[in-house]
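Below, each chain spelled out in residue letters.
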Amino acid sequence: MKKNKKVISIVTAFVMLIVLFQALPTTTIEAKVKVLSGKKVTLEAGEFYSIVILQKGCTFKSSNKKVASVNRKGDIKAKKTGNCVITVKNGTSKAKVKVKVVPENVKIKDVQAVGSDSSLDPMRRASIQVTWKKAKGACGYFIYYSTKKKSGYKKVTVKGGKKQSAKVKGLTYGKTYYFKVKAYGTKKKLVSEEYSKVLSLKTWALDWSDEFNGTSLDKKNWEYNFVTGTNQEMETLTAGKNLKFQDGKLVIIPRMEVFKDPKKDTIYTSGKIDTKGKKEFTYGKMEIRAKAAKGTGTWSAGWTLGLEGVQKGWPDTGEIDILESMKGEVPQTIHCRFFNNQKESHGNRTFKTQLTQKQSAESYHTYTAVWTDTYIQFYCDGKKTGKYNSKIFTEKNFAAAWGDAFMHPHYFILNCAIGGNAAGNVTTEGWTKVSDTPEKTVYEDYYSIDYVRLYK
């Protein structure tokens, strides 16, 4: 019996020892959290980023979920510009990842002159409007501008994240300006990581103009031209009988005298002037503000011709049609030996202004051609209508398409033709009846030019 008690005591003590050992606290060796993807990260608003670690079973927590949130896998979503900390924990071990959220990079879209990119008044300053695509996370934007592409930039602050354009004022005419944009967030130090691409715009200085504020033709600038075109036009050109000056405008008057006697032919007269031998130029920005004639069969035009004798003659010497209003349309065109306004492999060299002849005759419009050593860019009321680019031509076609036509002096021409294969049939529709006698009825129309300007 005593022996059995002894055994029972030994067994009991052994069991108690096991229970006691199990009751003691366990100790484990925890692995230290290591963030392999870096402890600092800069994200654009709306961007995603994953924290990379070795350990499993870690937890993640953001100090500011409005700035950046994090899920159970360690995937961060950048929401709003600002700073926050993501804490990664594994047991008692933890690590921190500092997150800075900045606005996304800005995409600049365009730079355009406001009102005019040129001025008659040298003291007046230019304004240029910069347009960009709205950036996520932006509270405002910085516009940087300079006259040098790689240095010297000044900064303009634009408040408001929804803004997509702003004017830069106080610029000097006759210079080229370069522009780039960044967005800033809730604090102005939180800016886009990169600048937008750089866009440039040239402002032009006035070289020559005729504002037509006098009472007669300025013979320092112009001379009468008596040569009708090669399009079977019907008018006879006169020396001043078909011109007048009114309210600061030059008015070219196409006139039609219809005789009551059917045996007598209708007489058509009009005016044509040019600057040949007085104002000749190579390259520049050419601008004509005008209100075209509206009569059926009229052809209001403002254009340039290359000097004869320099090359072989028309169309080799080149022609730039800044304004043509006829047959219901208002195109802008170039002529040279290679194209001569015909459809070729590179397309049609006539560019549409989207105006009708009626619209061009109802109010004044500004027609522009920017002629450089490599291209001719057309505009109507400040909007691009088409570009003739010398770089598209092969060496074989270059001389005929560009070199012979647009690398030597041109001169201005203003005229209003009547009829022919370009202007079409002539009727009295749209013309103004100015007299009616037993002998004849006289009709007139009016092509009004506010100014002609050349900028360099």
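The model shown is predicted, which means the values in this text are computed figures rather than measured ones.

J.: Can you walk me through the nonpolar core in this structure?
T.: Looking at soluble globular proteins, one finds that nonpolar side chains tend to be buried together. Ile-376, Tyr-388, Phe-406, Leu-414 and Ile-449 are the most contacted members of the largest nonpolar core, which totals 44 residues. The biggest single contributor to this core is helix α3 (residues 395–406), with five residues. Residues Tyr-141, Leu-171, Val-181 and Ala-183 belong to the second largest nonpolar core, which totals 23 residues.

J.: Looking at this model, I keep getting lost on the layout of surface pockets. Mind explaining?
T.: Remark: the empty space left among the atoms is shown by a probe the size of a water molecule rolled over them. Looking at the largest pocket, its volume works out to about 1,000 Å³. What lines the largest pocket is a set of 42 residues, and nearest its centre among them are Asn-231, Trp-299, Glu-319, Glu-324 and His-335. Among the residues making up the lining of the largest pocket, the classes are represented as 14 nonpolar, 17 polar and 11 charged.

J.: Teacher, can you tell me more about the pattern of salt bridges here?
T.: When the charged atoms of two side chains lie near each other, side chains of opposite charge can form a pair. Summed over all chains, the structure comprises 12 salt bridges. Asp-316 is the salt-bridge partner of Arg-337, the closest N and O atoms lying 2.5 Å from each other. With Arg-337 in the loop between β28 (329–335) and β29 (350–356) and Asp-316 in the loop between β26 (298–306) and β27 (319–325), this pair connects stretches of sequence that are 21 residues apart. Judged by relative accessible area, which is 36%, Arg-337 ranks as partly exposed. The class for Asp-316 is buried, based on a relative accessible area of 11%. Here Arg-337 ties to Asp-404 by a salt bridge, and the two come within 2.5 Å at their closest N and O atoms. With Arg-337 in the loop between β28 and β29 and Asp-404 in helix α3, the pair connects residues that are 67 residues apart, well separated along the chain. Ionic contacts of the salt-bridge type, sharing partners, join the residues Lys-219, Glu-223 and Lys-278 into one network.

J.: For this particular structure, what's the right way to read the sheet that holds strand β12 (residues 154–159)?
T.: Where strands meet in a sheet, backbone hydrogen bonds hold them as pairs that are either parallel or antiparallel. As summarised here, the arrangement of the four strands in space is β12-β11-β14-β15, forming an open sheet in which the pairing is antiparallel. Bordering the open sheet on either side are β12 and β15 (199–202), each of which pairs with just one other strand. Sheet twist, expressed as the mean angle between neighbouring strand axes with direction ignored, is 25°. With four bridges joining them, strand β14 (residues 176–184) and β15 adopt antiparallel strand pairing. Across the sheet, the residue bridging to Tyr-178 is Ser-200, located in β15.

J.: Looking at this model, I keep getting lost on the pairing of strand β19 (residues 243–246). Mind explaining?
T.: Residues in a regular strand project their side chains so that they alternate between the two faces of the sheet. Two strands pair when backbone bridges link them, and β19 and strand β20 (residues 249–252) are joined in this way by four bridges, in the antiparallel orientation. Across the sheet, Phe-245 pairs through a bridge with Leu-250, a residue of β20. Taking the residues between adjacent antiparallel strands as the criterion, β19 and β20 are bridged by two residues, where Asp-247 takes a positive phi near 55°.

J.: Please explain the sheet that holds strand β34 (residues 432–436) as it appears in this structure.
T.: Pairing is mixed across the open sheet formed by five strands, whose spatial order is β18-β22-β21-β35-β34. Strand pairing shows two members of the sheet lacking a second neighbour, β18 (236–237) and β34, which therefore form its edges.

Rules used in this analysis
- In every chain, residue numbers begin from 1 and rise along the written sequence.
- Under the rules for a predicted model, residues below a pLDDT of 70 receive no local features and side-chain atom pairs below 80 are neither given nor counted, while totals for whole chains, interfaces and linings still include all residues.
- With hydrogens and water excluded, all non-hydrogen atoms of the structure serve as input to the side-chain values.
- For the purposes of this section, nonpolar cores are sets of buried Ala, Val, Leu, Ile, Met, Phe, Trp, Tyr and Cys residues that join through side-chain atoms within 4.5 Å.
- Only protein chains enter the accessibility calculation, which uses a 1.4 Å probe; a residue is then buried when its area is under 20% of its type maximum, exposed when over 50%, and partly exposed in between.
- Here a helix means four or more residues in a row that DSSP labels H or I, a strand means two or more in a row labelled E, and each is numbered from the N terminus.
- The distinction between a cavity and a pocket rests on a 1 Å grid over the protein atoms alone: a 1.4 Å probe fits inside a cavity but cannot get out, while a pocket stays open yet meets protein on both sides within 12 Å along at least five of seven lines, and a residue with an atom within 4 Å of a point counts as lining.
- Grid points are joined across faces, edges and corners, and a volume is the space filled by probe spheres set on the points.
- Note that Gly is not counted as nonpolar here; it falls among the polar residues with everything else outside the nonpolar set of Ala, Val, Leu, Ile, Met, Phe, Trp, Tyr, Cys and Pro and the charged set of Asp, Glu, Lys and Arg.
- Whenever Lys or Arg places a side-chain nitrogen within 4 Å of a carboxyl oxygen from Asp or Glu, that contact is recorded as a salt bridge.
- A pair of strands is considered paired only if DSSP assigns at least 2 bridges between the two.
- In this analysis, axes come from line fits to C-alpha atoms, helices being fitted only over the stretch in contact, and the angle between any two N-to-C directions falls in the range 0 to 180 degrees.

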